[in-house]
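Next come the chains, spelled out residue by residue.
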Amino acid sequence: MKQLPIIDRAISHGDSIAVQSDDQRLTYHDLLTRSANAAASFLDSQDDLNEKCVAFLAPNLIDYLTVQWGIWRAGGIAVPLSHFATEKELEYTLGNSEAAFVVTTREYEDQMIALCDLIKLRIIVLEDIQNASENHLPEIDPARRAMILYTSGTTSQPKGVVTSHNTIQAQIESLVEAWKWQSDDRIPLFLPLYHIHAVINIVACALWTGAEIESFPRFNLDSIFTRVAARAFTVFMAVPTIYIKMIQALESMPESERLKVLDGFAKMRLMVSGSAALPAQVYEHWKRLTGQSLLERYGMTEIGMALSNPFEGERRPGYVGQPLPGVEVRLLSEKGEEITAENESGEIQVRGPNVFLEYWNRPEATQASFRDGWFCTGDVAVLEEGYYRIMGRSSVDIIKSGGYKLSALEIESTILDHPDISECVIVGLPDETWGEVVAIATVMQPGKQLSLEELQAWCQDCLSSYKIPRRLMNLEQLPRNAMGKVTKPAVQKQFQE
Ligand code: MCA
Ligand code: AMP
């Protein structure tokens, strides 16, 4: 039977270790057996899930892969959920994706049962799946839909970005070629498994190549440094905030320990930064400490990775390099003309097999995000001496904090549910560690007052922690424009004074 390419490749990787997680080691062969069993259970008595969405909450990588590959092998669309999400956020994702059922692990069973009972969704607990004696799995056309990752943007609710098996393969092959992934690579995983950075760049690329992933329950400096000092890794990928946190930690460590960790970093063959701008001084600082030139690249949930500094050749601080293999990039001026000269800024537009299929159930939004077959990223860049430099985003409503993309509109609409707040404006403020932090300016209902701490406590139930405002001010004193609105740049300016 013809298998999905990632499955075929896993068969050839056989008894190599795919994942190490705590004391557990999973070979490619184990992963194939487990995911086939999971697929058989998901199918129940059907022949094929026929692109039904299956949402799953399984943050441990071994469980995650068992479920993700199980869904793929049963013909479903995998919709990973965030274990940082609030009940309200999970309910939105389950409803929006029209999940046919939910898969989770014993650890999250109670939480998910409570939620799934409420919205009448069937739930499968991974540990309850029996070993099947025979698995008749369907043949899957790789042009079919494979995954939905939710992304925040210029709408008040996150949109589901749909990719096919072919899209995912194009995204993987481009990176494997550009960054020279090898089967003897070992990479740590500590980023969340519901964003493309972890899902494609780390996990999918490693498994495609037959490499090994060492999975950590979360980003924890001590445990990661211990393994780096033991020279456990050849490749490392993280967001700028993590490099900044690592610099701070390394500089306050006892000398003998620090030297071992620095040596572990120095020995790696590749260290990558992305998901947000890497400040040039952080690049320089990291190079001084470890001798490593961080490879900065640029990507987006809708397109995978598009631009990258080279594996071999000049890695220029403050720049994101050139188009990756198979990816076409152009800059479009505000007048809608393609920019052919250097030093002129324009919107980054991307075309190629790496580009997503559609926003789930949002045909107008999908259509609006393309122009003549090119995906419009909303990021503004300039080409300087052959390398692209990102200048910012065209929308003030998108905030990048700790590598997470946040929608100011989503946070505003959630916070407006607070009974004491009559108006609010959310903005991102520059921050040395987080890139940007979320800040809020409010108008309160007459006679009401709210401290930042009280607001944060209220937000715990409805917003993931990285969306919660870190600074607060009163909006009432700011001047309004002819429309009666305070503009976001004015709010940002006021915060910074
Ligand atoms: C947490 N804190 C914050 C934020 N997050 N403060 C300000 N802004 C934030 N965003 C506070 C907490 O409240 C807490 O405060 C303290 O910081 C530590 O929180 P904790 O959760 O423990 O932080 P952490 O575990 O150190 O997390 C930092 C992190 C995480 C590891 C950088 O944010 C992360 O995993 N980010 C990566 C997300 C990602 O994968 N993005 C890629 C998206 P207190 O101590 O007072 O309680 S994909 C993408 O962007 C595209 C396609 C691409 O190009 O890759
Ligand atoms: P997401 O929607 O989470 O996939 O985030 C994609 C966005 O992250 C892009 O549209 C950019 O704004 C930002 N981004 C990713 N990589 C970089 C980078 N190297 N420099 C600046 N911004 C980046």
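The following refers to the structure shown.

This paragraph deals with the overall build of the protein. Of the regular secondary structure elements, the protein holds 15 helices and 26 strands. Its C-alpha atoms give the protein principal-axis dimensions of about 70 × 55 × 55 Å. The contacts in the protein between residues at least 6 apart in sequence include a share of 66% that link residues at least 24 apart.

Across the sheet, which stays open at both edges, the 5 strands sit in the order β11-β12-β13-β14-β15 with mixed pairing between neighbours. Only two strands of the sheet have a single neighbouring strand rather than two, namely β11 (235–238) and β15 (322–323). Note that strand β12 (residues 270–273) and strand β13 (residues 295–300) share 2 bridges and pair parallel. Within the sheet, the bridge partner assigned to S273 lies in β13 and is E296. Those strands touched by helix α7 (residues 196–209) are β11, β13 and β14 (304–308), and its axis lies near 165° from that of β11.

Let us now look at the layout of surface pockets. There is about 460 Å³ of room inside the second largest pocket. In terms of lining residues, the second largest pocket is bounded by 28 residues, among which E89, T93, P158, E410 and K467 are the most central. Within the residue set of the lining of the second largest pocket, elements represented by two or more residues are α4 (87–97), β7 (145–151), β23 (404–407) and α13 (408–415). When residues in the lining of the second largest pocket are grouped by element, the largest group, 5 residues, is from α4. Here the residues of the lining of the second largest pocket are counted per class, giving 14 nonpolar, 9 polar and 5 charged.

Another aspect to go through is the side chain of S82. By the element assignment, S82 lies in the loop between β4 (77–80) and α4. Taking relative accessible area as the criterion, S82 reaches 9% and is therefore assigned buried. One polar contact links the side chain of S82 to the main-chain amide nitrogen of F84, over a distance of 2.9 Å. Here Y194 takes part through its side chain, which lies 3.4 Å from a polar atom of the side chain of S82.

Let us now look at unusual backbone geometry. In this structure, R231 takes a positive phi of about 55° despite not being glycine. Not every positive phi belongs to a glycine, and N343 is a case in point at roughly 65°. Within the secondary structure, N343 is located in the loop between β16 (328–332) and β17 (346–351).

With that out of the way, let us pick up the site of ligand 2. Residues in contact with ligand 2 amount to 15 residues; listed here are only the nearest, E296, R297, T301, D379 and K405. The separation between an oxygen atom of ligand 2 and a polar side-chain atom of K400 is 3.0 Å. Protein burial of ligand 2: of its 500 Å² of free accessible surface, 94% is covered by the chains. Per element, the largest residue contribution to the shell around ligand 2 is 5 residues, and it comes from β13. Here the residues of the shell around ligand 2 sort into 5 nonpolar, 4 polar and 6 charged.

Turning our eyes to something else, we now look at the nonpolar core. F42, W69, W179, F236 and F265 are the most contacted members of the largest nonpolar core, which totals 120 residues. No other element matches α7, which puts 11 residues into this core. Excluding anything up to four places from it in sequence, F265 contacts F225, V228, F236, M246, L250, M271, W286, T290 and Q292. By size, the runner-up hydrophobic cluster in this structure holds 20 residues, among which are C53, L57, A85 and Y150.

Not every one of the 26 residues close to ligand 1 is listed here, only the nearest: S275, R297, K400, S401 and G402. Take R218: an N or O atom from its side chain is 2.9 Å from an oxygen atom of ligand 1. One nitrogen or oxygen atom from the side chain of K245 is found 3.0 Å from an oxygen atom belonging to ligand 1. A total of 1,100 Å² of accessible area belongs to ligand 1 in isolation, and the protein chains cover 74% of it. Of all the elements in the fold, those that place two or more residues in the shell around ligand 1 are α7, α9 (240–251), β13 and β22 (398–401). When its residues are assigned to classes, the shell around ligand 1 shows 12 nonpolar, 9 polar and 5 charged.

Turning our attention to the sheet that holds strand β24 (residues 421–431). On the basis of which strands lie adjacent, the open sheet formed by 3 strands has the order β24-β25-β26 and mixed pairing. Strands with a single pairing partner mark the edges of an open sheet, and in this sheet they are β24 and β26 (471–474). The sheet shows a mean angle of 25° between the axes of neighbouring strands, taken without regard to direction. Judged from the 4 bridges that link them, strand β25 (residues 435–444) and β26 form a sheet pairing that is parallel. Bridge assignment links T442 to a residue of β26, and that residue is N474. Contacts between α13 and the sheet are confined to β24 and β25, with β24 contributing the most and set at about 145° to the helix.

Rules used in this analysis
- Residues numbered from 1 in each chain as written.
- Chains lettered and ligands numbered in written order.
- Predicted model: local features only at pLDDT ≥ 70, side-chain atom pairs only at ≥ 80, totals over all residues.
- Heavy atoms only, no water.
- Helix = DSSP H or I, 4+ residues; strand = E, 2+ residues; numbered from the N terminus.
- Contact = heavy atoms within 4.5 Å.
- Pairing = 2+ DSSP bridges.
- Axes fitted to C-alpha atoms, helices over the stretch in contact; angles between N-to-C directions.
- 1 Å grid on protein atoms, 1.4 Å probe; cavity = no way out; pocket = protein on both sides within 12 Å on 5 of 7 lines; lining within 4 Å.
- Points joined across faces, edges and corners; volume = space filled by probe spheres on them.
- Nonpolar A, V, L, I, M, F, W, Y, C, P; charged D, E, K, R; others polar.
- Buried < 20%, exposed > 50% of the residue type's maximum accessible area, 1.4 Å probe, protein only.
- Polar contact = N/O pair within 3.5 Å; in protein donor to acceptor, adjacent residues only side chain to side chain.
- Near = heavy atom within 4 Å.
- Areas by Shrake-Rupley, 256 points an atom, 1.4 Å probe, with all protein chains shown as cover.
- Core = buried A, V, L, I, M, F, W, Y, C linked by side-chain atoms within 4.5 Å.

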